[in-house]
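Here is how the chains run, residue by residue.
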Amino acid sequence: MRPTLGIVVGVVTLSACGTSVPGTYGTPDAGDLPDAASDASSFSDAGEAGTTEGGSSCASPQTWYIDADGDGYGAAAVQLCATPTSGYASKNGDCDDTDARAYPGQPAYFDTPRKSGGFDFDCNGDEQEESTLTGACHPDGNMANPQCIGAGNMNVWYSETVAPACGETAGWLISCTARPAIGCGIISETRTQKCK
Ligand SMILES: [Ca+2]
Ligand SMILES: [Ca+2]
């Protein structure tokens, strides 16, 4: 538990990473250490987000990152004396530590947003759409024996120009078939744009 800031209740001396740090503090819990600068201004619990210290005093602390969603990437750095069994990762850069789908290098695309919002699942700072290709089918005007212009553009968004945004639903063109006296018939389905 972080002691209440601004209330000085005692004078203690703690050893932070082998260095004796005298100062005036609130009452620390077991395992609490002065902040990273050892300026005697605050304490932080082991594993507390946003801190750079934790665990017990030691000469060679190791940097770990709190990994709340268990995806192998953390966000907030802490220094620990021993290798943690769980809850921490050796790699950082997690852009949403509440959603295990989001981590640096995530290869997959998703059609629902991250738990913290947005669709940047690979943590590179942008939202990449899975497909921006569009296409449509047009009969060439020979109704007796029509040819479908654009018929080669299969498996694209069924649109002249605009692909749907992340999470938006639109028609997906699967096939385009010439039909005498009718023009072009299409087969399409509804899909949702995935992003990462
Ligand atoms: Ca994580
Ligand atoms: Ca991205």
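Refer to the structure presented above.
All of the points below concern the structure found in this document. Quick caveat, the model's predicted, so the values are computed rather than measured. (Residues numbered from 1 in each chain as written. Chains lettered and ligands numbered in written order. Predicted model: local features only at pLDDT ≥ 70, side-chain atom pairs only at ≥ 80, totals over all residues.)

Along the backbone of the protein chain there are 0 helices and 15 strands. Every one of the 196 residues in the protein chain was classed for burial, and the buried ones make up 22%. Within the protein chain, contacts between residues separated by at least 24 positions form 41% of all contacts whose residues are at least 6 apart in sequence. (Helix = DSSP H or I, 4+ residues; strand = E, 2+ residues; numbered from the N terminus. Buried ≥ 20, exposed ≤ 12 C-beta atoms within 10 Å, placed from the backbone. Contact = placed C-beta atoms within 7 Å.)

This part covers the sheet that holds strand S8 (residues 88-89). Judged by pairing direction, the sheet is antiparallel, and its 3 strands sit side by side in the order S7-S5-S8 without closing on themselves. If you trace the sheet from one side to the other, it starts and ends with strand S7 (77-80) and S8, each paired once. As defined by bridge partners, strand S5 (residues 62-66) adjoins S7 across 4 bridges and the pair is classed as antiparallel. Residue pairing for S7: Trp64 is matched across the bridge by Val78. (Pairing = 2+ DSSP bridges.)

Considering the arrangement of structural elements, one finds Val78 in strand S7. Overall, Val78 belongs to the buried group, with 26 C-beta atoms counted inside 10 Å.

With that settled, the discussion passes to the environment of Tyr109. Positionally, Tyr109 belongs in the loop between strand S9 (91-92) and strand S10 (134-135). On the basis of neighbour counts, which here come to 17 C-beta atoms within 10 Å, the residue Tyr109 falls in the partly exposed class. Taking the C-alpha atoms as reference points, Tyr109 and Cys166, 57 residues apart in sequence, are found 9.9 Å from one another. In this structure Tyr109 touches Glu130, Lys194, Cys195 and Lys196, once residues within four positions along its chain are discounted.

Let's shift gears to the nonpolar core. By size, the foremost hydrophobic cluster in this structure holds 13 residues, and its most contacted members are Trp64, Tyr88, Ala89, Ala102 and Phe119. Of all the secondary-structure elements, those providing two or more residues to this core are S5 and S8. Apart from the residues lying within four places of it in its own chain, the contact partners of Phe119 are Phe110, Pro113, Arg114, Glu127, Cys166, Gly167, Cys195 and Lys196. Residues Cys137, Trp157, Tyr158 and Leu173 belong to the second largest nonpolar core, which totals 8 residues. (Core = buried A, V, L, I, M, F, W, Y, C linked by C-beta atoms within 7 Å.)

By secondary structure assignment, the location of Asn124 is in the loop between S9 and S10. Remark: the alpha-carbon pair of Asn124 and Gln106, spanning 18 residues in sequence, is separated by 9.7 Å.

By themselves, these observations are geometric and do not establish any function.
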